Amino acid sequence: MTGTAGTCPTLYAVPNESSPERALIVVPAWNEEQTVGDTIREIRVALPGVDVLVVDDGSTDRTRAIARAEGVMVLELSYNLGVGGAMRAGFRYAVRHGYTAVVQVDADGQHNPGDVPALLAKLAEADVVIGTRFAKDDRYRASGPRRLAMVVLAKVMSRLAGAPLTDTTSGFKATGRRALPLFAEHYPVEYLGDTVESLVIALRAGCRVAQVPTTMRPRLGGQPSHRPLKSAIYLCRATFALLLALVRRWDGAIGEPAKPQVTDITDEVVL
Amino acid sequence: MNSYLVALVGSLLVLAGIFELLRRRQLSEKYAVLWLVVGILLVVLTIFPGLLSRISRAVGVSLPSNLLFFVGIVFLVGVALHLSWELSRLENETRRLAEDLAILRLEVQQQAKKTAEDENR
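Just so you know, these numbers come straight off a predicted model, no measurement behind them. (Residues numbered from 1 in each chain as written. Chains lettered and ligands numbered in written order. Predicted model: local features only at pLDDT ≥ 70, side-chain atom pairs only at ≥ 80, totals over all residues.)

**Quick look at the overall build of chain A**
Part 1: Summing up its helical and strand segments, chain A has eight helices and seven strands in all.
Part 2: Sorting the 271 residues of chain A into buried and exposed places 49% on the buried side.
Part 3: Relative to all contacts within chain A whose residues are 6 or more apart in sequence, the contacts with residues 24 or more apart total 78%. (Helix = DSSP H or I, 4+ residues; strand = E, 2+ residues; numbered from the N terminus. Buried ≥ 20, exposed ≤ 12 C-beta atoms within 10 Å, placed from the backbone. Contact = placed C-beta atoms within 7 Å.)

**Points about the packing of helix α3 (residues 49–59) of chain B against helix α4 (residues 64–120) of chain B**
All names here are of chain B.
Part 1: Direction vectors running N to C along α3 and α4 enclose 85°, while the axes themselves pass 8 Å from each other. As summarised for this structure, α3 and α4 are arranged roughly perpendicular, according to the angle between their axes. Residues Leu52, Ser53, Ile55, Ser56 and Val59 of α3 pack against Pro64, Leu67 and Leu68 of α4.
Part 2: Broken down by class, the residue content of the contact of α3 with α4 amounts to six nonpolar, two polar and no charged. (Axes fitted to C-alpha atoms, helices over the stretch in contact; angles between N-to-C directions. Parallel < 35°, antiparallel > 145°, perpendicular 65-115°, else oblique. Nonpolar A, V, L, I, M, F, W, Y, C, P; charged D, E, K, R; others polar.)

**Considering the nonpolar core**
Residue and element names in this part refer to chain A.
Part 1: By size, the foremost hydrophobic cluster in this structure holds 78 residues, and its most contacted members are Ile25, Leu53, Val55, Leu75, Val103, Ala202 and Val209.
Part 2: Top contributing element to this core by residue count: helix α3 (residues 82–96), with eight residues.
Part 3: Val103 has contacts with Ala23, Ile25, Val116, Leu119, Leu120 and Ala174, leaving out every residue within four places of it along the chain. (Core = buried A, V, L, I, M, F, W, Y, C linked by C-beta atoms within 7 Å.)

**A word on the pairing of strand β5 (residues 128–132) of chain A**
All names here are of chain A.
Part 1: Of all five residues that make up β5, five are buried, and the element is covered over most of its length.
Part 2: Neither face of β5 is left uncovered, since the one carrying Val128, Ile130 and Thr132 and the one carrying Val129 and Gly131 both have all their residues buried.
Part 3: Pairing between β5 and strand β6 (residues 173–175): three bridges, direction antiparallel. Along β6, the bridge assignment pairs Val128 with Thr175.
Part 4: Pairing analysis gives five bridges linking β5 to strand β7 (residues 209–213), with the strands arranged parallel. Residue Val128 lies in a different strand from β7, and its bridge partner there is Val209. (Pairing = 2+ DSSP bridges.)

**Looking at helix α1 (residues 2–23) of chain B**
Part 1: Spanning 22 residues, α1 of chain B covers 31 Å between terminal C-alpha atoms, matching the ideal 32 Å at 1.5 Å per step.
Part 2: Little of α1 of chain B sits inside the fold, with one of its 22 residues counted as buried. (Expected span 1.5 Å × (residues − 1).)

**Comments concerning the pairing of strand β4 (residues 101–104) of chain A**
Residues in a regular strand point their side chains to alternate faces of the sheet.
All names here are of chain A.
Part 1: Neither face of β4 is open: one carries Ala101 and Val103, the other Val102 and Gln104, and all of them are buried.
Part 2: Summarising the sheet, strand β1 (residues 23–29) and β4 pair through four bridges and their orientation is parallel. Its bridge partner lying in β4, Ala23 is registered against Ala101.
Part 3: As judged from the two bridges shared by β4 and β6, these two strands associate in the antiparallel manner.

**Points about the interface of chain B and chain A**
Part 1: The partner chain A presents 20 residues to the 16 residues of chain B that form the contact.
Part 2: Of the residues belonging to the side of chain B that touches chain A, the class tally is seven nonpolar, two polar and seven charged.

**Description of the confidence of the model for chain A**
Residue and element names in this part refer to chain A.
Part 1: Here chain A averages 79 in pLDDT, and 76% of its residues register 70 or above.
Part 2: Ranking the helices and strands of chain A by mean pLDDT puts β4 first, with 96, and helix α8 (residues 228–247) last, with 78.
Part 3: Counted against residues more than four places away or in other chains, residues 1–16, with its pLDDT under 50, gives 33 contacts.
Part 4: Every residue in residues 252–264 is under pLDDT 50, and counting partners more than four places away or in other chains gives 15 contacts. (pLDDT = per-residue confidence, 0-100.)

**Description of unusual backbone geometry**
Part 1: Positive phi is not limited to glycine here, since Asn31 of chain A has a value of about 50°.
Part 2: Here Asn31 of chain A lies in the loop between β1 and α1 (36–46).
Part 3: The backbone of Arg25 of chain B shows a phi angle near 60°, a positive value even though the residue is not glycine.

Structure follows, in structure tokens:
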């Protein structure tokens, strides 16, 4: 189904293959006022000179004000769209402004900005690079049904990708220039869509997916969901999301040009 | 005879309600036709109760009310499915608009900042 992989469809408008690398860090943030400032400062220290775009996903707290005060670009979504929607907005901004790579760094401080260069480097051989939590050390441990879900997902996705993928639900991901236009148009917005389904879409479009070991840190704020019932529900939903992703058609199948949905809002404005 | 009157008044009220919604432009045309047909059918069936028995005998349903329930349920399931579909589509559209709006807002800000810098120079 995924074919022999190799190249992402070139039918999507790809910025000049030889254009210089321009990375954009996208930070989806929903009510993360406690951690977003630290996250931004940390990114700045680890990656001086790299553009940062905070996507404020309809926060009701001071998230956007804090991000603004840090002087980074802020996309203000009018209401909560979920991580998938926030990321799609980020991808679309990146494509409109000629970025060649996007790295998602969560605002809760779980992702270590110090790992971003490793992800970007790996983009030389893949179109989507996952920063995985399990390959390096096991400080981040899940248990019970949640762990089972992760293991099953990893097995299935590795098979699809033809490469070992140990952590398919990691949000820490780098997207290269060939997968960017695909994600800008088709990034899934539903539950787990931003992780599992997006990988399936990338693979089905012929993108190469690889992983890089990273160290996940405990969240600076917010609560991880590790209660058994919640984990069981997670298992069911993850399985369902995977099955759905596998059988789903999405407009813009390989071989036919992606049709613009809501038309380009303005002609390309590069600032 | 009394129940006949109640049924007649009821179905006429439904029809009037649909018509009024349509007249106030509260119901878009694609749904209006559907509900108008339903309303009219309802009135016709109330005025001629014999019609339903004759139809059910023709299709081989022994109890006329069962035919009515069956058709009604199939119809309602269809409507619910259609509405879910319509809702998903609308949600997708509003999501895109929200994304577009956010992107444009940022671009306008950037443009304004750039213009201000240019003027100061």
